[in-house]
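Chain and residue survey
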Amino acid sequence: QEQEDWLAIHGANCAGVDKVSFYDRIKFIRDNTDAIIQSAQNGLDCDFWQKMDDPWLFYAFCHEWAEYKRHGKGYKSCLPIALDGSNNGLQHYSAMLRCEIGGKATNLTPEEQPQDIYQDVADHTLSAISKLASEGDNMAKKWLHSGFINRKMTKRPVMVVPYGGTIFSCRNYIEDYVRDMFYKGHDNPWTGMKLHIPINWVSKHVWEAIGTVVVSAREAMSWIRDVAREMSHQNIPLVWKTPTDFVVYQQYPNIKKHRIKTTIDGNLIRPTLVTEDSKLIDRNRAVNGSAPNFVHALDASALTNTVHMCDNDGIDAYCMIHDSYGTHATNTPILAKRLREAFVNLYKQYDVLEDFRQSALEVLDDVPEPPKKGDLDLDLIKESKYFFA
């Protein structure tokens, strides 16, 4: 039964019914079984599957579900069932600093309903702007009237935070979103005003809301960047070892550009010659790349340990894409259990920030202490249904 449920959950996820409980996802599939079977039989002549969030992935599921219903128990499913992390980068930062706020927002704790950090940020943003509107702020009133402040607006700015997102990238993503809303036919509440004015205004409030929810990530990233800044200032590459003993060597060489003026066939051209100076480190790239590279290395460590554990259980088929872990439905219950165990073991056995600090102390005289940890109980992750779902 559990394998069947995971297949149904995968189908609901592909349909976009992924912000509700497992019970409701499974119910959605069972309630629409007839339409799913019709989709598999009629293909392009059926529009049910074409309306879903990921239509082609859902169409593949339709065929799998239809075959399962035809053959019954014992059917050998070949479809990879994907288990996705809830903003996996923020999950890592919340775990390494035992952050209860970030942990709850990214499903590190067992909850009856899946938590949605993007909606949390949207709600904080709406609350702040509603308060300003009640005080008579005209810009706040226009943003509230627009209806643009929602999960879709905040998703991309929040998603990239653990990978080096800044208030500038936040602003760019919001502008892309707003322009897309205009393209879809929504009215422009700021007619006669240059668009950058309302975008800059709301970006500040979204960024503040992110800071309220994404507490641990901001602190850890700032500390990592400070270490990287000091290393690059002394022209030293950043080197550290992951929990899987993989040595990360970060060295961004300084880039020099030379403009050449020449003529070809009587036409004047000015090509740019780019060269690397391996003796000098590009400080900006070293600092900006440090926190993203750090958390990506931990992504890889968690995945590696998960696969090793699953291999011991006899699982030999995987479909892994960053923070999406997949295998066949028959093995999905085992994968779901092992990936939680691997994640918990990673942060119970290693203090990754202190290990990073010790690596830096090998070449620096002084490195500040990492941010203090909170009180999140890591063992709760093993009980969280929606940690990877």
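Shown above is the structure to which this text applies.
Residues numbered from 1 in each chain as written. Predicted model: local features only at pLDDT ≥ 70, side-chain atom pairs only at ≥ 80, totals over all residues. Heavy atoms only, no water.

Digging into the layout of surface pockets
Formally: Think of a 1 Å grid over just the protein atoms. A cavity is a set of points where a 1.4 Å probe fits yet cannot get out, a pocket is an open set with protein on both sides within 12 Å along at least five of seven lines, and lining residues have an atom within 4 Å of a point. Grid points are joined across faces, edges and corners, and a volume is the space filled by probe spheres set on the points. Helix and strand assignments come from DSSP, with helices taken as H or I runs of at least 4 residues and strands as E runs of at least 2, each series counted from the N terminus. In the scheme used here, Gly and all other residues not listed as nonpolar or charged are polar, with Ala, Val, Leu, Ile, Met, Phe, Trp, Tyr, Cys and Pro taken as nonpolar and Asp, Glu, Lys and Arg as charged.
Of the pockets and cavities examined, the largest pocket occupies roughly 1100 Å³. In terms of lining, the largest pocket is formed by 40 residues, of which the most central are Asn13, Asp18, Asp84, Gly85 and Ala389. Broken down by secondary-structure element, the contributors of at least two residues to the lining of the largest pocket are helix H1 (2-15), helix H4 (55-71), strand S1 (81-84), helix H5 (88-96), helix H7 (117-134), helix H9 (151-159) and strand S8 (324-327). Considering only residue class, the lining of the largest pocket consists of 17 nonpolar, 13 polar and 10 charged. Of the voids in this model, the second largest pocket is the one considered here, and its volume is about 300 Å³. In terms of lining, the second largest pocket is formed by 15 residues, of which the most central are Gln3, Tyr75, Ser77, Ala329 and Thr330. Broken down by element, the residue count for the lining of the second largest pocket peaks at three residues, all from H1.

Digging into the state of the cysteines
Heads up, the rule is: Any two cysteine sulfur atoms within 2.5 Å of one another count as a disulfide.
Tallying each qualifying case throughout the model produces zero disulfides. Cys46 forms no disulfide, and the closest cysteine sulfur to it belongs to Cys62, at a distance of 7.7 Å. A disulfide-free cysteine, Cys78 has its sulfur positioned 13 Å from the sulfur of Cys319, the nearest such atom.

With respect to the packing of helix H13 (residues 283-312) against helix H14 (residues 332-349)
To keep things clear, this is the line we draw: Helix axes are fitted only over the stretch in contact, all axes being lines through C-alpha atoms; the angle between N-to-C directions runs from 0 to 180 degrees. Note on angle classes: values under 35 degrees are labelled roughly parallel, values over 145 roughly antiparallel, values of 65 to 115 roughly perpendicular, and the remainder oblique. Each helix crossing is assigned a hand: it is left-handed if the near helix lies turned anticlockwise from the far helix by less than a right angle, otherwise right-handed if that turn is clockwise. Here a residue-residue contact requires only that any non-hydrogen atoms of the pair lie within 4.5 Å.
Direction vectors running N to C along H13 and H14 enclose 130 degrees, while the axes themselves pass 8 Å from each other. As the angle between them shows, H13 and H14 are arranged oblique. Relative to H14, the crossing made by H13 is right-handed. Contact with H13, carried on its side by Leu298, Ser301, Ala302, Asn305, Thr306, Met309 and Cys310, involves Leu335, Arg338, Leu339, Glu341, Ala342, Leu346 and Tyr347 of H14 and no other residues of that element. A breakdown of the residues in the contact of H13 with H14 according to their chemical character gives nine nonpolar, three polar and two charged.

Let's talk about the side chain of Asn13
Defined as follows: Note on exposure labels: buried denotes an accessible area under 20% of the residue type's maximum, exposed denotes more than 50%, and partly exposed covers the range between, all computed with a 1.4 Å probe on protein chains only. Any pair of nitrogen or oxygen atoms within 3.5 Å is treated as a polar contact; in protein, a donor-acceptor pairing is required on top of that, and neighbouring residues in sequence qualify only through side-chain atoms on both sides.
Following the sequence through the fold, Asn13 ends up in helix H1. Given a relative accessible area of 16%, Asn13 falls into the buried group. Polar side-chain contacts of Asn13 include one of 2.9 Å to the side chain of Arg25. Excluding residues that lie within four positions of it along the chain, Asn13 makes contacts with Asp18, Arg25, Ala82 and Ala389.

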